[in-house]
Amino acid sequence: MIEHFSLDGKRIPFQPGQTIMDAAMQAGEYIPHLCHNPEFRPRGSCRLCVVRANGRSVAACTSPAREGLEVESDTPDIQADRRSLLQMLFVEGNHLCPACEKSGNCQLQAVAYYCGMLAPDFTHLYPVRELDGSHPDFVLDFNRCILCELCVRASRDADAKGVFGISGRGIGAHLIVNAPSGKLGDTDFDPHDRAAQVCPVGAILPKHKGYDVPIGRRIYDRKPVSLVGDVADHQEDMS
Amino acid sequence: MREQQAKKVRVATCSLAGCFGCHMSLLDIDERLIDLVELVEFDRSPITDIKEVGPSDLGLIEGGVCNAENVEVLRAFRRQCKTLVAVGACAITGGVPAMRNHYPLHECLDEAYVNGLGVQDGGIPNDPELPLLLNQVHPIHEVVKVDYFLPGCPPAADTIWTFLEQLLSGKPVEFAYRQIHYD
């Protein structure tokens, strides 16, 4: 049986059991998100998909759709909250777009463009983080990790390897690699792993092809994320 | 004619810890520079070589804050300019110069002036005229209030032109999707 809810006044059909995000994606409606990928169990951690459903703020990726629900997403106040979240993500890491190979193919940038963020004008934390170049094909740049846990979920659920994990809490939370040395090169991580293709930012980067596609001609250089979708769906454009 | 000239918007610009790339992008508006000089006159700027900023309507700041002189110049701009704009990635995030923030300052100086490749009889410059370096490079909004941000490395000439045109005509500042990029 097809039921419906409304998203910013549009009628969205859904099957019982679908989340607000599932139904919106299926209907081609964009709700900003970074930690969500329909392949994996929703995590609800980035909070960018928070919408107002019947007046209550809920994460669209973890909240079931319900008949007659009135969902607001693209409103000035919700977009302003999203900009603040994005600004916090930017200042908590070291997101140096001009010096990042992922620039233009980066979903953090893309969502920030979509939400109208001109600058992360909070106090920059400039955390000191490691770079792991131990793997022959991939580099891990922890400076750019936003803790979306997509690589954690992909490696565990799709690749059955469990290469990645999150350790620590709060501001101390950080990505770790499942090896006694803590180095990616000492795991069975492989370029064909799903975990190698889901990072929305420049934290898990393939080596040797950083600028094969020049800056200015990349996925989000031309069109907004609301039209072209997640970077994980565009692997062919990046290799 | 005289009256029209008196109404010109006074613009001051400077590059702090930047590479002058944003200024190059301003010049890159090409023949629109002719339209621009009809609307504005320049106060302190690399274009005029005026050394001290005077009362201005608009201040364009390129580069982040890396030393004591940057702080002084930035504060003078804030005092003198009605509207202050952070232009480019370095003014907004610290940018490439802020990559030194991951290392203690003395390590950076040692690397450049003492242990660097090809350095002979090295020593850290200590002329009293040299501005003292800050421990870290900061975006300008951490030092003064900033009214507008123009991202990009550099912001495209079109973006700068759109911004100036809309601001000077009193319209709300709005950009097309492709005019805003952080790289």
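Residues numbered from 1 in each chain as written. Chains lettered and ligands numbered in written order. Predicted model: local features only at pLDDT ≥ 70, side-chain atom pairs only at ≥ 80, totals over all residues. Heavy atoms only, no water.

Student: Describe in detail the overall build of chain B, supporting the description with residues and values.
Tutor: Scanning chain B from terminus to terminus reveals seven helices and seven strands. Helices and strands appear in chain B in the N-to-C order α-β-α-α-β-β-β-α-β-α-α-β-β-α. Here chain B holds 183 residues, and the buried ones make up 45% of them. Contacts in chain B between residues at least 24 apart in sequence constitute 76% of all its contacts with a sequence separation of at least 6. Charge separation in chain B, taken as the distance between the mean sites of 15 positive and 26 negative side-chain charges, equals 9 Å. (Helix = DSSP H or I, 4+ residues; strand = E, 2+ residues; numbered from the N terminus. Buried < 20%, exposed > 50% of the residue type's maximum accessible area, 1.4 Å probe, protein only. Contact = heavy atoms within 4.5 Å. Lys, Arg positive; Asp, Glu negative; His and termini not counted. Charge placed at Lys NZ, Arg CZ, Asp CG, Glu CD.)

Student: Provide a residue-level description of the packing of helix α2 (residues 76-92) of chain A against helix α3 (residues 107-114) of chain A, including the pertinent values.
Tutor: Residue and element names in this part refer to chain A. At a minimum axis distance of 10 Å, the contact between α2 and α3 shows a crossing angle of 150 degrees. Taken together, α2 and α3 sit at an angle that is classed as roughly antiparallel. When the axes of α2 and α3 are compared, the crossing they make is left-handed. Here Gln79, Leu86, Leu89 and Phe90 of α2 lie close against α3, whose contacting residues are Leu108, Gln109, Val111, Ala112 and Tyr114. Of the residues assigned to the contact of α2 with α3, the class counts are seven nonpolar, two polar and no charged. (Axes fitted to C-alpha atoms, helices over the stretch in contact; angles between N-to-C directions. Parallel < 35°, antiparallel > 145°, perpendicular 65-115°, else oblique. Left-handed = near helix turned anticlockwise from the far one by under 90°. Nonpolar A, V, L, I, M, F, W, Y, C, P; charged D, E, K, R; others polar.)

Student: If you had to explain the sheet that holds strand β10 (residues 204-206) of chain A to someone new, which residues and values would you point to?
Tutor: Residues and elements named next belong to chain A. Taken in spatial order, the three strands of this open sheet run β6-β7-β10, and their pairing is antiparallel. In this open sheet, the two strands that pair with only one neighbour each are β6 (131-132) and β10. Looking at chain direction, β6 and strand β7 (residues 138-141) are connected through two bridges and run antiparallel. Pairing of Leu131 across the sheet is with Asp141, part of β7. (Pairing = 2+ DSSP bridges.)

Student: I'd love a proper account of the domain arrangement of chain A, names of residues and values included.
Tutor: All names here are of chain A. As assigned here, chain A comprises domain 1 (3-74) and domain 2 (80-210). Inter-centroid distance (C-alpha atoms) of domain 1 to domain 2 is 25 Å. Taken residue by residue, the interface counts 21 residues in domain 1 and 20 residues in domain 2. Both sides of the domain 1 and domain 2 interface together cover about 1600 Å² of buried area, and 58% of this is carbon and sulfur. Area buried by domain 1 at its contact with domain 2 is led by Leu34, Phe40 and Leu48, which between them contribute 41% of it. Summed over the shared surface of domain 1 and domain 2, the number is two salt bridges. Where domain 1 touches domain 2, the interface holds eight residue pairs in polar contact (both at pLDDT 80 or more). (Domains from an automatic or database assignment. Buried area = accessible area lost by both parts, 1.4 Å probe. Salt bridge = Lys/Arg side-chain N within 4 Å of Asp/Glu carboxyl O. Polar contact = N/O pair within 3.5 Å; in protein donor to acceptor, adjacent residues only side chain to side chain.)

Student: So what's going on with the environment of Tyr113(B)? Which residues, and what values?
Tutor: Residues and elements named next belong to chain B. In this fold, Tyr113 is placed in helix α6 (residues 105-114). A C-alpha to C-alpha distance of 38 Å links Tyr113 and Ile180, two positions 67 residues apart in sequence. If sequence neighbours within four positions are ignored, Tyr113 has contacts with Val119, Gly122, Gly123, Ile124 and Pro125.

Student: Help me get a handle on a nonpolar patch on the surface, residues and values and all.
Tutor: All names here are of chain B. Taken together, the side chains of Met24, Leu27 and Ile47 present a nonpolar region at the surface, about 290 Å² in accessible area. Here Ile47 shows up in the loop between β2 (40-42) and β3 (56-62). Since its relative accessible area comes to 47%, Ile47 is described here as partly exposed. (Patch = residues over 30% accessible without salt bridge, like charges linked within 9 Å, V, L, I, M, F, W, Y side chains within 5 Å. Areas by Shrake-Rupley, 256 points an atom, 1.4 Å probe, with all protein chains shown as cover.)

Student: Go over the interface of chain B and chain A, please, and point to the residues and values.
Tutor: Listed by partner, the interface residues are 25 residues for chain B and 30 residues for chain A. Summed over the three residues of chain B that lose the most area to chain A, namely Tyr177(B), Tyr182(B) and Asp183(B), the buried surface amounts to 37% of that side. For the interface between chain B and chain A, the tally reads zero salt bridges. Elements that contribute at least two residues to the side of chain B that touches chain A include exactly α5 (89-93) and β6 (133-138) of chain B. Tallied by class, residues from the side of chain B that touches chain A come to 13 nonpolar, nine polar and three charged.

Student: Quick rundown of a negative patch on the surface? Include the residues and the values.
Tutor: The grouping of Asp28(B), Asp30(B), Glu31(B), Asp35(B), Glu38(B) and Glu165(B) at the surface amounts to a negative patch. Take Asp30(B): it is sitting in the loop between α2 (21-27) and α3 (32-39).

Student: Give a description of the sheet that holds strand β3 (residues 50-53) of chain A that names residues and reports values.
Tutor: All names here are of chain A. The five strands lie next to each other as β2-β1-β5-β3-β4, forming an open sheet whose pairing is mixed. A single partner strand is all that each edge strand has here, and the edge strands are β2 (10-14) and β4 (56-59). Here the average twist between neighbouring strands, direction ignored, is 35 degrees. Both strand β1 (residues 3-7) and β2 contribute to a ladder of five bridges, which runs antiparallel. Paired with Glu3 across the bridge in β2 is Phe14. Packing against the sheet, α2 makes contact with β3 and β5 (70-72), and its axis sits at approximately 155 degrees to β3.

Student: So what's going on with the packing of aromatic side chains? Which residues, and what values?
Tutor: Residues and elements named next belong to chain A. Evaluation of the coordinates by the stated rule reveals eight aromatic pairs over all chains. Pairing Tyr30 with Tyr114 gives two aromatic rings, centres 4.9 Å apart and planes at 85 degrees, and the pair type is edge-to-face. You can see Tyr30 sitting in the loop between α1 (20-26) and β3 and its partner Tyr114 sitting in helix α3, a full 84 residues away along the chain. (Phe/Tyr/Trp six-rings, centres within 6.5 Å; stacked < 30°, edge-to-face > 60°.)

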